[in-house]
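Given next are the chains, with one letter for each unit.
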Amino acid sequence: ENGEDSMYSRMDWGDIESFCSKAYNKSSDGARLYMFSNRDGLRQMWNSIESAGWNFRNIIVWDKKNMGMGYHWRNQAEYIFYASKGKPKTYIKSSGNIFSHKKPRGLGHSAKPFEIWLRALDGSLCEGDVCADPFSGSNPFLKALESNPDYLDKASLVYLNTF
């Protein structure tokens, strides 16, 4: 319409802090949280996650395999905070924290590749998990779950649009 991408709406830091708190309160012990952040939001995202009660575990680097926009340096990476509520149910082993996947292009695609969620599920999905996707508009997470029948046998998916 006016050149804006209406598929995604932006959350301000108050919304992100509220989301982190609500997700923490609705989660059971051992739950895991994955939150995307750009370079400019690293400190604030870390603070938002920890102030809600989550335990920081690691930062996963998403290497987009191509350069993005930037003034001094071109941004080729985005960051994913991995946190847990208490001790995680499983520890992620034999998996590096750099994910190299091209950013999806074209209409109808999420801004995030579903392969990222495949990597996260491979390393951490446990029997009986409830996978909550509050940003269900483009469904890369659902695509990742549906790609492996074992995932759907282990876990159920809940959309949390009410955060």
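Now for a description of the structure that goes with this document. (Residues numbered from 1 in each chain as written. Predicted model: local features only at pLDDT ≥ 70, side-chain atom pairs only at ≥ 80, totals over all residues. Heavy atoms only, no water.)

Topic: the sheet that holds strand E4 (residues 98-100)
Pairing within the open sheet is mixed, and its 4 strands lie in the order E1-E3-E2-E4. In this open sheet, the two edge strands, each paired with only one partner strand, are strand E1 (32-37) and E4. Geometrically, the sheet is characterised by an average inter-axis angle of 25° between neighbouring strands, direction not taken into account. By the bridge criterion, 8 bridges tie strand E2 (residues 55-63) to strand E3 (residues 77-84) in an arrangement that is antiparallel. Within E3, the position partnered with Asn58 by the bridge is Tyr82. Contacting E1, E2, E3 and E4, helix H3 (residues 114-124) runs over the sheet at an angle of about 155° to E1. (Pairing = 2+ DSSP bridges. Helix = DSSP H or I, 4+ residues; strand = E, 2+ residues; numbered from the N terminus. Axes fitted to C-alpha atoms, helices over the stretch in contact; angles between N-to-C directions. Contact = heavy atoms within 4.5 Å.)

Section: the pairing of E3
It is a general feature of regular strands that their side chains alternate between the two faces of the sheet. Among the 8 residues of E3, 6 are classified as buried, and the element is accordingly described as predominantly covered. Relative to E3, E1 runs antiparallel, the two sharing 6 bridges. Following the sheet pairing, Leu33 is matched in E3 by Ala83. (Buried < 20%, exposed > 50% of the residue type's maximum accessible area, 1.4 Å probe, protein only.)

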